[in-house]
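Close look at the chain arrangement
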Amino acid sequence: MEHLLENLTDAQREAVLYQDGPLLILAGPGSGKTRVITHRIARMIADGVPGHQILALTFTNKAAEEMKLRVARLAPQSEVWIGTFHRFCARMLRKYARIVGLEENYTIYDTGDSAQALRRAMAQLHVDAAFTSPESIGRAISWAKNNLITPEQYQPKSGNPLGGVVQQIYPAYQAKLAGSNAVDFDDLLMHVATILRQNDEVRAALDERYRYIMVDEYQDTNLAQYVIARAMSCDFSNLAVTGDPDQSIYGWRGANLNNILDFEKDFPAVRVVRLERNYRSTKRILRVADELISHNLRRKKKALFTENEAGEPVRLVTYRTHKEEAEMIAAEIAGEIAPGRRHARDYAVFYRTNALSRSFELALREAGVPYQMINGVEFFQRQEIKDVLAYLQLVNNPHDEVALLRVINRPTRGIGKTTIERLANHAQHRRLSLLDAAREVRHVESVAARSAKLVTAFVAMVDRLISAVGPIEELLGLVLNESGYEAMLKGSGDEEDEERLANIQELLTVAREFDERHGAPRGTRSAGRRGGVGHLEAFLEETALVNDTDEWETQLDRVTLMTLHASKGLEFPCVYLVAVEEGLLPHERSRTSAEQLEEERRLMFVGITRAQQQLQISRAEYRDFRGERKPAIPSSFLMELPRGEMDVRQPEATRVVEIDEVPVDHEPVFRREEPRPPAPATPSFGSGLRTAAEMLGEGQTPAAVDPDVFRQGMVVLHPKFGLGKVIALGGSGGDRTATVDFTSAAGRQKIALAGSGLRPVK
DNA sequence: TGTGAGTTGATTTTT
DNA sequence: TCAACTCACA
């Protein structure tokens, strides 16, 4: 255990050793907070606390992954539950769904799905969206849920024109979710908070089960999260929270800064530990950050200090235009990388809004500097992925209306708007789910016989899929075929569709990995809730709550482009903080209240404190906005920085870099279009390039084919059944199977690949 | 029912 | 600027 206490400061050691009772760790940026948490967990385990009694909650998947990794290193095999609040709640809700009127196989709607449900609810109430937008109503509902205000309790604030509409729509929206056996992100928290509040039996059980609870980034908790953490810390009040009020940047999401500011009031017996020594940045960078944040009033003062060297002055640069800003920065980076003074991965560019990334992408590409952008289009948000997943959602939860509406006519199968509306009416009258309404389409008089036939065929297809629940990869394969989705994309010859197919292939890989990781159910039908269905649920939960297909990777030698929000928790040797202009940082929507302004200041504080050695803050005199070039006003925050620590450069003084000097030998890299990892080497035998005829002629038993060469949709040849097409793949290793539609009388066969003699034709 | 053009409108941050 | 959405038409 001693090694867990080595190289810790007194304050860090105190936090690591303090075990029973509430603990508040106020951790400044770069103060080794994660180290403290992970060492604390490891130390407790070393001291005999069973891992399963420890629960560590984070806000982002990124933070959870990092923590898991580090805990695993310090305390291998421990059963500590580490994850995001949302994941934890999703799990709890699977168990206690009935208490809040849900079934265990409920669907988690992402933002897009929720918006869809909201639109449907509005349409059914005939709410005219002319004065309001679904977005603003959605935000209001989200805010209410984060504050645990139920539809019944919702009272509009007087003078808010939106309030009345929200009051009307919120219950309808919630009813729509209930009817679909679905929850949105906020519900995950709200439902669990409700259960904990209203059901003391459950509360006490969880309190006892999770005796030691840790909450990371406590300054970001909203009321719901606060209630959850608190409720599980009554009988065993070993709640340890870490956070930094100065890094609270999620107020807009319902985060309540008071949760951390008042922690000492909530738990009078609390031990407070301050981690104020910074191990990350130079003295100058830290000084700039400290000076800026001192302009905030609502905070807990900390005395940030570092033993690191003074470092270079922080640069404050004004460019003429946003274009010049991007190009000069790109050139500067290129100029450092080319001679090998720096790696691309040493650099990060932070901006307030995603829209600002564009010029930097362009400039870096031009300059031949490899970069990676965080949070471009999320993989799981892509249309084709959402479409295919919607089929799975529907299979898992046939009540899911949003999923049904998404897939019922995609690919187009002649079921149009009118038919759907008629079905919806029928469903509403008879209080049926949409799918059940579709089941009895023949009794819906208004639907034409021709349409009814198409609907029946659709329902039959869904039923076939439902009865085929097994490994996800295999189920996906069936979906792609039965639905005609694959054929739709393959037939078009469209380049975009090619890319979509590639993305779907990627999804199949994700599915396969998931199957392997979680031990896919073998059989198809036998699957009870424990087996196939639960497995599918878990997969959908993961895809809804995790966006980690494009995890930011430190190893990649690329410049990182990201928003200030995304930068939290990270560090880089060299940081460019760009577009620090009035209206962007602080953002114009945040200028209405002093509170929001302080949050913007914290956002800048977070950005500054990511830098280890070099920091440049910049702005442009002119910036294109909505296609118009407008003069940009310097951010008021710039006036709050200590000029003594800084090197201020006006446009005249900016260094001119010849773009020609920059080598352009490496290809620019884009996050999504990155080459996939090479497939495992295929056995030498002709890479399957011979024609079917040639192969048929040979009639000999070929060398064993690596099961991994088979892909969805591939044309294959079987020694006995002849030519066929791969419908679905499943299983792993020696158990890997292919479902093949043969052109011969053999029809559809599921073949164990090992020793089958099956081989790819093309 | 599907497509295409033309318009509109909107641009913060995330689970 | 650009993407998404509507409305008219085939």
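It should be emphasised that the depicted structure is a prediction, and the values quoted were computed from it without experimental measurement. (Residues numbered from 1 in each chain as written. Chains lettered and ligands numbered in written order. Predicted model: local features only at pLDDT ≥ 70, side-chain atom pairs only at ≥ 80, totals over all residues. Heavy atoms only, no water.)

1. Notes on the packing of helix H5 (residues 111-124) against helix H6 (residues 134-146)
Spelled out, the test is: Fitting a line to C-alpha atoms yields each axis, with helices limited to the stretch in contact; the angle taken between N-to-C directions then spans 0 to 180 degrees. Think of it this way: any DSSP run of H or I at least four residues long counts as a helix, any run of E at least two long counts as a strand, and we number them from the N terminus. By definition in this entry, angles of less than 35 degrees are roughly parallel, angles greater than 145 are roughly antiparallel, angles of 65 to 115 are roughly perpendicular, and the rest are oblique. In what follows, a contact means two residues having at least one pair of non-hydrogen atoms within 4.5 Å.
Contact geometry of H5 with H6 gives a least axis separation of 10 Å together with a crossing angle of 105°. Judged by the angle between their axes, H5 and H6 are roughly perpendicular. Between H5 and H6, the contacting residues are Leu118, Arg119 and Met122 on the first element and Pro134, Glu135, Ile137, Gly138 and Ile141 on the second.

2. Some remarks on the confidence of the model for chain A
Let me state the cut-off plainly: Every residue is assigned a pLDDT by the predictor, reflecting its confidence on a scale from 0 to 100.
Of all residues in chain A, 88% attain a pLDDT of 70 or more, and the chain-wide mean is 84. Ignoring residues within four places in sequence, the model shows residues 524-531, a span with pLDDT below 50, making 13 contacts including any to other chains. Note on residues 653-701: pLDDT is under 50 here. Beyond four places in sequence and across chains, it has 66 contacts.

3. Considerations on the sheet that holds strand S7 (residues 238-243)
Definition in use: Strands are labelled as partners when DSSP assigns at least two bridges between them.
Within the open sheet, the six strands sit side by side as S3-S2-S6-S7-S1-S8. Their pairing is parallel. The open sheet terminates on both sides in strands that have one partner only, identified here as strand S3 (81-84) and strand S8 (271-275). Each neighbouring strand pair of the sheet contributes to a mean axis angle of 15°, computed without reference to strand direction. Summarising the sheet, strand S1 (residues 23-27) and S8 pair through five bridges and their orientation is parallel.

4. Digging into the packing of H6 against helix H8 (residues 185-198)
Short version of the rule: Crossings are classed by handedness, with left-handed meaning an anticlockwise turn of the near helix from the far one by less than a right angle and right-handed meaning a clockwise turn. Any residue that is not Ala, Val, Leu, Ile, Met, Phe, Trp, Tyr, Cys, Pro, Asp, Glu, Lys or Arg is counted as polar, Gly included; the first ten are nonpolar and the last four charged.
Contact geometry for H6 and H8: axes closest at 9 Å, N-to-C directions at 25°. When the interaxial angle is binned, H6 and H8 end up roughly parallel. Note on packing geometry: the crossing formed by H6 with H8 is left-handed. Within the contact between the two elements, H6 uses Ser142, Lys145 and Asn146 and H8 uses Asp186, Asp187, Leu189 and Met190. Within the contact of H6 with H8, the residues separate by chemical class into two nonpolar, two polar and three charged.

5. Focus on unusual backbone geometry
Across the junction of Arg410 and Pro411, the peptide omega takes the value 0°, indicating a cis bond. With respect to the helices, strands and loops of the structure, Pro411 is situated in the loop between helix H17 (401-407) and helix H18 (417-430). The residue after Leu585, namely Pro586, is reached through a cis peptide bond having omega 0°. Relative to the helices and strands, Pro586 is located in the loop between strand S15 (572-577) and helix H26 (594-608).

6. Focus: the pairing of strand S17 (residues 628-631)
Alignment of strand S16 (residues 611-625) against S17, held across four bridges, turns out to be antiparallel. When the bridges of S17 are listed, Tyr622 appears paired with Pro631. Counted between consecutive antiparallel strands, the loop separating S16 from S17 contains two residues, among which Arg626 sits at a positive phi close to 50°.

7. Some details on helix H16 (residues 383-396)
As a reminder of what qualifies: To estimate how far a helix should extend, the number of its residues minus one is multiplied by 1.5 Å. Burial classification: accessible surface area is computed with a 1.4 Å probe over protein chains only, and a residue below 20% of its type maximum counts as buried, one above 50% as exposed, and the rest as partly exposed.
A rise of 1.5 Å per residue sets the reference length of H16, with its 14 residues, at 20 Å; its end C-alpha atoms lie 20 Å apart and thus fit the reference within 8%. Most of H16 sits out of view: 13 of its 14 residues are buried.

8. A closer look at the protein's contact with DNA strand B
The criterion, for reference: Throughout this document, a residue counts as near a molecule or strand when at least one of its heavy atoms sits within 4 Å of that molecule or strand. Identification of polar contacts relies on pairs of N or O atoms within 3.5 Å, with a donor-acceptor requirement for protein atoms, meaning one able to donate a hydrogen and the other able to accept it, and with residues adjacent in sequence counted only if both atoms are side-chain atoms.
Not every one of the 28 residues close to DNA strand B is listed here, only the nearest: Arg352, Asn354, Thr412, Gly416 and Arg626. A share of 52% of the atoms of DNA strand B within 4 Å of the protein falls on sugar and phosphate groups. In the environment of DNA strand B, a phosphate oxygen lies 3.3 Å from a nitrogen or oxygen atom belonging to the side chain of Asn409. At a separation of 3.4 Å, a phosphate oxygen of DNA strand B approaches a polar side-chain atom of Thr412. Per-element tally for the surface near DNA strand B: the top contributor is H18, with three residues. Looking at side-chain class alone, the surface near DNA strand B contains six nonpolar, 17 polar and five charged residues.

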